[in-house]
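For reference, the chains in residue letters:
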Amino acid sequence: MKYLLDTNICIHLFRGKFNLLNKLNSIGINNCSISEITLAELVFGAENKTAPIQ
């Protein structure tokens, strides 16, 4: 099964929440992808970020 990760899941993954790294490793990183829109949202957020990650 393939999984399309949305922006919120990617942000939670970057922040180390909800044990997502282990969950993604268990399903296989090759079975995960993101859309171009999610990529654009992540880039926009990173470029315009003013507060530190919590």
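Thresholds, definitions, all that
Residues numbered from 1 in each chain as written. Predicted model: local features only at pLDDT ≥ 70, side-chain atom pairs only at ≥ 80, totals over all residues. Heavy atoms only, no water. Helix = DSSP H or I, 4+ residues; strand = E, 2+ residues; numbered from the N terminus. Buried < 20%, exposed > 50% of the residue type's maximum accessible area, 1.4 Å probe, protein only. Polar contact = N/O pair within 3.5 Å; in protein donor to acceptor, adjacent residues only side chain to side chain. Contact = heavy atoms within 4.5 Å.

**Student:** Which residues make up the overall build of the chain, and what values go with them?
**Tutor:** Within the chain one finds three helices and two strands. Starting at the N terminus, the α and β elements of the chain follow one another as β-α-α-β-α. Based on the C-alpha atoms only, the size of the chain along its principal axes is roughly 35 × 25 × 10 Å. Relative to its 54 residues, the chain shows a buried fraction of 15%.

**Student:** Could you give me a rundown of the side chain of Thr 7, with the residues and numbers involved?
**Tutor:** Mapped onto the elements, Thr 7 comes out in helix H1 (residues 7-14). Using a relative accessible area of 13% as the deciding quantity, one classes Thr 7 as buried. Polar contacts involving the side chain of Thr 7 include one to the side chain of Glu 41, which spans 2.2 Å. Sequence-distant contacts of Thr 7, that is, excluding residues within four places in its chain, are made with Thr 38, Glu 41 and Leu 42.

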